[in-house]
Number of protein chains: 4
Amino acid sequence: MTTTVTEHRRPLRADARRNHERILEGARAVFAEYGLEAQIDDVARRAGVGVGTVYRHFPTKEALLGELVRRKLRVFAENAREALAREGEPFGVFADLLRRNAEVCVADAAIQHALMAFGQHISMHAQVELEELNKPTAELMARAQRAGAMRPDVTVDDISMLMCGVSATMTQTGPGFDWHRHLEFVIDMLRR
Amino acid sequence: MTTTVTEHRRPLRADARRNHERILEGARAVFAEYGLEAQIDDVARRAGVGVGTVYRHFPTKEALLGELVRRKLRVFAENAREALAREGEPFGVFADLLRRNAEVCVADAAIQHALMAFGQHISMHAQVELEELNKPTAELMARAQRAGAMRPDVTVDDISMLMCGVSATMTQTGPGFDWHRHLEFVIDMLRR
Amino acid sequence: MTTTVTEHRRPLRADARRNHERILEGARAVFAEYGLEAQIDDVARRAGVGVGTVYRHFPTKEALLGELVRRKLRVFAENAREALAREGEPFGVFADLLRRNAEVCVADAAIQHALMAFGQHISMHAQVELEELNKPTAELMARAQRAGAMRPDVTVDDISMLMCGVSATMTQTGPGFDWHRHLEFVIDMLRR
Amino acid sequence: MTTTVTEHRRPLRADARRNHERILEGARAVFAEYGLEAQIDDVARRAGVGVGTVYRHFPTKEALLGELVRRKLRVFAENAREALAREGEPFGVFADLLRRNAEVCVADAAIQHALMAFGQHISMHAQVELEELNKPTAELMARAQRAGAMRPDVTVDDISMLMCGVSATMTQTGPGFDWHRHLEFVIDMLRR
DNA sequence: AATGAATGAGGTTTCATTCAT
DNA sequence: AATGAATGAAACCTCATTCAT
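None of the values given here were measured: they were computed from a predicted structure.

Peer 1: I'd like a description of the overall build of chain A, backed by residues and values.
Peer 2: Scanning chain A from terminus to terminus reveals ten helices and zero strands. Along the chain direction, N to C, the helices and strands of chain A fall in the order α-α-α-α-α-α-α-α-α-α. Classification of the 192 residues of chain A by burial places 49% in the buried group. In chain A, the proportion of contacts linking residues at least 24 apart, taken out of those at least 6 apart, comes to 69%. About 9,500 Å² of surface is accessible on chain A, with carbon and sulfur atoms providing 51% of the total.

Structure below.
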């Protein structure tokens, strides 16, 4: 098995790096459009490369999905760090972070499906990214809790768990289902 | 297209009825064990019948899943009607119903996956069962709301939506994920 | 293997005989409509009996087809015997027989397909009927040949062969294909 | 839908072209040996490739059969063009063409079956090839007719039709069936 | 004798992954 | 490093035939 590019063993050639991006973006697009059953061939076509190239960059379909998930988690983390740098009423800042990340999620709900389908495996494949997300999040929560604006018994893991629930609503189109509403229920519940 | 048994055109022969049950039970078991990608052949083997028999009863994999889902919804509805007949503090009765139904869910979380995977389609295939569930549930909620123990703006559809979130936690095994905890958060949300 | 009804081992009960007819007629109809890939279930449904009943009467799909073919050959033979009894110019009488039998054929061209698909097997399954057909046909041909109106080198087998060709045109819908025209060519071939 | 090779979108890679040939040849062989019910797996095995490869080249069994038929028609056409270039008594040249093409046919009579089974569809899938065949054939016939050696009322379409009849004899093994004899009847009939 | 449910070998097709070019 | 053709293990589904009722 060859060294995967994502492990950054050595700096990539410029064109390889460009392909890497195009594949990831293509994957995001086709999974968003056709769901997880989209085929690697579709990803390749969308990315404008051959299947072989996809496999050179990601040894397996699961690995590709995994990277998409990790990317998303990195965006979440980035947003969290930004929130941390922001001035303002702590609970409001935190609530806005949840709203913002939810918007990121909904952009391609299929990745959400991936997150679910992966189930237990995800924590293994995104350990690092999860921690990078949890660190600033925990700090934001601590601030809000110290200010007496957030339930003191809620933990970062609870947030992941509850937000997974909100994501589930995104992929579901039940009668009267509305993830914005779901999210506001969650935020309300966290308050005080 | 052949008449599917589920349409109850005519009373089934004794052996057919028995097989129908065995198939459904077998399906529940293999989906619980191997997830949704379990194959019809596996279902057949587990049920102790030939593949053809499975296809005679359920023309397609989706139809089989659909029936499993409907069955589950019927159990939910049954529990709701029982709760309605029960004496006691309205909110507590309702909360217990949620807890009880959640336990039913977790028995075979894979069906939950099906519920998710179905997404938008489910409401079409389980219209009737959903209504049978919603009727008593709405009545229970109205009681709790009249007693001032439940948020007055919550609707039955909200309950479905929030419980789907809880189900998502069942299928996910994140760090610190605990659906009991998720459920209690939800119950808290609904209070007053 | 059970005794097939077609072998007339013992007189059939009235209802069995009726079913036998209905099955044969149903088979003729569905094979004519859907071609040879029509299923035994279709035959049974059309005949208004269960599959099991079809199998009681005909041990196999091929046997059913075989009987249909034999029936057709019996009609041909019947027509040939009638022609033999008729007065008139020998070649004309013979040509009319061919035209008449061709009309019988076209009624359900699918049986023709069966005749073709069977290929080499048919002569084994319809030996008797073929002879019953060939006897009067040979006599008719001899008359025409004695009268100097038909090529003297043509044999009964040639007629079967040439008429199979005409049948092929019936099942084929090529551009400009017209079995009436094909048949008249054949009749011309035979003349003097 | 993937681009089928037969559409000649771009020059095939050397190995793909080789496989294309091998598949076609394998198909010809197994259909000749086992008839039309030969399976794609058999074709693949005979060609020494995987099933997937067969499906990459021909999206469906019918497509594969179709190409075989078209190939055969191209050989017929090629022979017709050669005959056109030949010196000699026009009717004799034409008769020899029929004999030659009949020999091509008999090489793998199963394709003939395909031709029949296709029935009405064939003209749609082989329009071009049919015209390529009909053009020189019509010219050869015109010559013979102008020379007063061929019946003036026969058309190219009649030839197709009559030759289909001869082909039927090839696939049938009735008692006394002999396609050479059938063909000579046809040729005789066309004379003058 | 009739019924139709059950059977399961067999058929077509898909698609993640490998490998020759 | 890139390409896309090749692979073949599955997956789904059909249907001639058997067998319990």
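Peer 1: Can you lay out the environment of Leu65(B) for me, pointing to particular residues and giving the numbers?
Peer 2: All names here are of chain B. In this structure, Leu-65 sits in helix H4 (residues 61–85). A residue is classified by how much of its surface remains accessible, and Leu-65, at 8% relative accessible area, is buried. The sequence separation of Leu-65 and Ala-27 amounts to 38 residues, and the corresponding C-alpha distance is 8.2 Å.

Peer 1: Which residues make up unusual backbone geometry, and what values go with them?
Peer 2: Residues and elements named next belong to chain D. In this structure, Arg-192 is a non-glycine residue whose phi angle is positive, near 65 degrees. On the secondary structure map, Arg-192 appears in the segment after helix H10 (179–190). We classify Arg-192 as exposed; its relative accessible area is 67%.

Peer 1: Give a detailed account of the packing of helix H8 (residues 127–146) of chain B against helix H9 (residues 156–171) of chain B, specifying residues and quantitative values.
Peer 2: Residues and elements named next belong to chain B. Viewed as axis vectors pointing N to C, H8 and H9 meet at an angle of 105 degrees, and their least axial separation amounts to 9 Å. Overall, the two elements H8 and H9 adopt an arrangement that is roughly perpendicular. Touching Asn-134, Thr-137, Ala-138 and Met-141 of H8 are Val-156, Asp-157, Ile-159 and Ser-160, all from H9. Its residues assigned to classes, the contact of H8 with H9 comprises four nonpolar, three polar and one charged.

Peer 1: Run through the protein's contact with DNA strand F, naming residues and quoting values.
Peer 2: Thr53(A), Gln39(B), Asn19(D), Thr53(D) and Arg56(D) are the nearest of the 31 residues found near DNA strand F. The protein-proximal atoms of DNA strand F, defined as those within 4 Å of the protein, are 72% sugar or phosphate. In the environment of DNA strand F, a phosphate oxygen lies 3.2 Å from a nitrogen or oxygen atom belonging to the backbone of Ile40(C). The residue inventory of the surface near DNA strand F, partitioned by class, reads nine nonpolar, 14 polar and eight charged.

Peer 1: Summarise the protein's contact with DNA strand E; cite the residues concerned and give the values.
Peer 2: With respect to spatial proximity, 32 residues lie near DNA strand E, and among them Gln39(A), Asn19(B), Thr53(B), Arg56(B) and Gln39(D) are the closest. Among all atoms of DNA strand E positioned within 4 Å of the protein, those belonging to sugar or phosphate total 70%. Here Asn19(C) contributes a side-chain N or O atom positioned 2.7 Å from a phosphate oxygen of DNA strand E. A distance of 3.2 Å separates a base nitrogen of DNA strand E from a polar backbone atom of Gly52(C). If you list the elements that add at least two residues to the surface near DNA strand E, you get helix H1 (14–34) and helix H3 (51–57) of chain B, helix H3 (51–57) of chain C together with helix H2 (40–47) and helix H3 (51–57) of chain D. Broken down by class, the residue content of the surface near DNA strand E amounts to ten nonpolar, 14 polar and eight charged.

Peer 1: Give me helix H10 (residues 179–190) of chain B: which residues, what numbers.
Peer 2: If you check H10(B), its first and last C-alpha atoms are 17 Å apart, about what twelve residues at 1.5 Å a residue would give, namely 16 Å. Here H10(B) has its buried residues at Trp179(B), His182(B), Leu183(B), Phe185(B), Val186(B), Ile187(B), Met189(B) and Leu190(B). Structurally, H10(B) contributes buried residues whose contacts are with helix H9 (156–171) and helix H10 (179–190) of chain A together with helix H5 (90–107) and H9 of chain B. Its side-chain oxygen placed 3.0 Å from the backbone nitrogen of His180(B), Asp178(B) serves as the N-cap of H10(B). Trailing H10(B) by a residue or two, Arg192(B) shows a phi angle of about 50 degrees, which is positive.

Peer 1: A description of the pattern of salt bridges should follow, citing residues and the corresponding values.
Peer 2: Taken as a whole and judged by the stated rule, the model has 84 salt bridges over all chains. Residue Arg151(C) is joined to Asp188(D) by a salt bridge in which the shortest nitrogen-to-oxygen separation is 3.1 Å. Here Arg151(C), found in the loop between helix H8 (127–146) and helix H9 (156–171), pairs with Asp188(D), found in helix H10, and the two come from separate chains. Where Asp158(C) meets Arg181(D), a salt bridge forms, and the shortest distance between an N and an O atom there is 2.5 Å. Here Asp158(C) is found in helix H9, whereas its partner Arg181(D) is found in helix H10 on a different chain. Its relative accessible area of 1% is what places Asp158(C) among the buried residues. Arg181(D) gets classed as partly exposed once you look at its relative accessible area, which sits at 28%. One network of salt bridges, with partners in common, ties together Glu21(A), Glu67(A), Arg70(A), Arg71(A), Arg74(A) and Glu129(A).

Peer 1: Give a description of the side chain of Arg70(D) that names residues and reports values.
Peer 2: Inspection of the secondary structure puts Arg70(D) in helix H4 (residues 61–85). Setting aside residues no more than four positions away along its own chain, Arg70(D) makes contact with Ala63(D), His125(D), Ala126(D) and Glu129(D).

Peer 1: Any details on H9(A)? Residues and values, ideally.
Peer 2: Between its terminal C-alpha atoms H9(A) stretches 23 Å, which fits the 22 Å expected from 16 residues at 1.5 Å a residue. Of all 16 residues in H9(A), 14 are buried; the element is thus mostly enclosed.

Peer 1: Give me the lowdown on the environment of Asp188(D), citing residues and values where you can.
Peer 2: The exposure class assigned to Asp188(D) is partly exposed, which follows from its relative accessible area of 33%. Spatially, the C-alpha atom of Asp188(D) lies 9.3 Å from that of Ala95(D), the residues being 93 residues apart in sequence.

Criteria and thresholds
Residues numbered from 1 in each chain as written. Chains lettered and ligands numbered in written order. Predicted model: local features only at pLDDT ≥ 70, side-chain atom pairs only at ≥ 80, totals over all residues. Heavy atoms only, no water. Helix = DSSP H or I, 4+ residues; strand = E, 2+ residues; numbered from the N terminus. Buried < 20%, exposed > 50% of the residue type's maximum accessible area, 1.4 Å probe, protein only. Contact = heavy atoms within 4.5 Å. Areas by Shrake-Rupley, 256 points an atom, 1.4 Å probe, with all protein chains shown as cover. Axes fitted to C-alpha atoms, helices over the stretch in contact; angles between N-to-C directions. Parallel < 35°, antiparallel > 145°, perpendicular 65-115°, else oblique. Nonpolar A, V, L, I, M, F, W, Y, C, P; charged D, E, K, R; others polar. Near = heavy atom within 4 Å. Polar contact = N/O pair within 3.5 Å; in protein donor to acceptor, adjacent residues only side chain to side chain. Expected span 1.5 Å × (residues − 1). Salt bridge = Lys/Arg side-chain N within 4 Å of Asp/Glu carboxyl O.

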